[in-house]
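Chain residues, written in single-letter form:
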Amino acid sequence: MSLRSGSGPLAGTRVLEIAGRGPGPFAGMLLADMGAEILRIDRPDPPARPQAPDHRLELYNRGRRSVVVDLKHAAGPEVVLRLVERADAIYEGYRPGVAERLGIGPDACLRRNPRIVYGRGTGWGQTGPLASKAGHDINYIALAGALDPLGYAGGPPAIPLNLIGDYAGGGMMLAFGIVCALLEARGSGRGQVVDAAMVDGASLLMTLYHGRRMMGTWSDERGTNYVDSGAPFYNVYETSDHRYVAIGAIEPKFQRVLFDAIGVDLDGITMPVSSVDRTDWAELRRRLAAVFATRTRDEWTKLLADVDGCYSPVLGLGEVSEHPHHQARGGFPELDGIPQPAPAPRFGRTPAAFGTAPPRPGEHTREALADWGLTDDELQTLHRDGAVR
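In this report, the structure presented in the accompanying data block is examined. (Residues numbered from 1 in each chain as written. Predicted model: local features only at pLDDT ≥ 70, side-chain atom pairs only at ≥ 80, totals over all residues. Heavy atoms only, no water.)

Scanning the entire structure with this criterion turns up eight aromatic pairs. Ring plane angle 25 degrees and centroid distance 5.4 Å describe the contact between Y237 and F292, whose orientation is recorded as stacked. In this pair, Y237 is assigned in strand 7 (residues 234-238) and F292 in helix 10 (residues 281-292), connecting sequence segments 55 residues apart. Take F292: its relative accessible area is 0%, and that puts it in the buried class. One aromatic cluster is present, built from ring pairs that chain together F26, Y60 and Y167. (Phe/Tyr/Trp six-rings, centres within 6.5 Å; stacked < 30°, edge-to-face > 60°. Helix = DSSP H or I, 4+ residues; strand = E, 2+ residues; numbered from the N terminus. Buried < 20%, exposed > 50% of the residue type's maximum accessible area, 1.4 Å probe, protein only.)

What follows is the structure, encoded as structure tokens:
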């Protein structure tokens, strides 16, 4: 991994980000980490929301420069379209129709640059009866069938932060779609619109379970399946110090090694424990819970350090960067003095870029717009009139 900007497999690719929240900034971080030059178009009047005490702590804004353009000013949209002429891609997260009303929709951008890839990251997508409705991650994953299976039997669905809709199904899919369209444009010379809907992405993540359900090996009853907390060999257990450990011993060879190492009583339990036959699941889960409750989390981690049984301590966010595995891989390098997750995946010949710290809105307005082709006279006029700041 490189800590220098300008490296990475997307080096030389220019992308415009219309500032937003959630999936958009995350997509921008992914592209920037891979070496793309990201120029973020910030609003002069960002919506009220909790702000980090230090802009550098908005970690997913790393790796790009920021300019402030007032898209409601008569000259604002033209500034963006000038930038589009020199860009390879642009993306926004507005509800359908908003970018068009602002004058920076796909048609306007493709007229200026027929090769431009236009990414649209929304919750419901550009079409359908919900396209114009408000929503957040929890709504999109609920409709995608990704929320209902999460949680323990007898309880309500467990909310998985906003990882599935905003980030995995949203920002990551948006970045993936942009890169796919950029590859296609190299051959065709033509750009296109990428409609990245979080409800689609979250649905796609559930593909395996649709298949398992049709096979009859997946139950709609929450917390009763082999990877949803139903199985004793794929679960979390509380330790004596009220922390948790995680085991994922699905395969028989790992079950034998792990169960022997922790000394659980297997009398009357059919081994190996099947991921389909649930006869012994409840009793084995009870016995495993009793065993893991006899030691602290760190005692179990030390005892099982050399046991290849799919065991891990459940770490808190404040502990992750100190784990020896992350340290050995440089998993949390510092950027401007702040440790944060490293770019992923990793490349052998074109290492991922770990560029600049998250910018303040408008921190680079003059220098970045000049780099992207606006003249000094244009910048002075735009700044004087309030179109850029």
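Let's shift gears to a nonpolar patch on the surface. Residues Y152, V236, Y244 and V314 make up a contiguous nonpolar surface patch of roughly 350 Å² in combined accessible area. Relative to the assigned elements, V236 resides in strand 7. (Patch = residues over 30% accessible without salt bridge, like charges linked within 9 Å, V, L, I, M, F, W, Y side chains within 5 Å. Areas by Shrake-Rupley, 256 points an atom, 1.4 Å probe, with all protein chains shown as cover. Salt bridge = Lys/Arg side-chain N within 4 Å of Asp/Glu carboxyl O.)

On the secondary structure map, R287 appears in helix 10. Residue R287 is classed as buried on the basis of its relative accessible area, which comes to 15%. Dropping the residues within four chain positions of it, R287 is found in contact with V264, D265, L266, D267 and I269. (Contact = heavy atoms within 4.5 Å.)

The contact between helix 6 (residues 163-188) and helix 7 (residues 198-205) brings their axes to 8 Å, and the two run at 100 degrees. Here helix 7 runs roughly perpendicular to helix 6, going by the angle between their axes. For the pair formed by helix 6 and helix 7, the contact residues are I164, G165, D166, A168, G169, G170 and M173 on the first element and M198, G201, A202, L204 and L205 on the second. Of the residues belonging to the contact of helix 6 with helix 7, the class tally is seven nonpolar, four polar and one charged. (Axes fitted to C-alpha atoms, helices over the stretch in contact; angles between N-to-C directions. Parallel < 35°, antiparallel > 145°, perpendicular 65-115°, else oblique. Nonpolar A, V, L, I, M, F, W, Y, C, P; charged D, E, K, R; others polar.)

With that out of the way, let us pick up the pattern of salt bridges. Here the structure, examined in full by the defined rule, presents 26 salt bridges. The closest approach of N and O atoms between E100 and R120, which form a salt bridge, is 3.0 Å. Of this pair, E100 sits in helix 3 (residues 98-102) while R120 sits in strand 5 (residues 117-122), and the two are 20 residues apart along the sequence. On the basis of relative accessibility, which here comes to 40%, the residue E100 falls in the partly exposed class. Owing to a relative accessible area of 5%, R120 belongs among the buried residues under this scheme. The partner of R297 in a salt bridge is D298, with the nearest N and O atoms 3.1 Å apart. The structure contains a network of salt bridges with shared partners spanning R14, E37, R65, E367 and D371.

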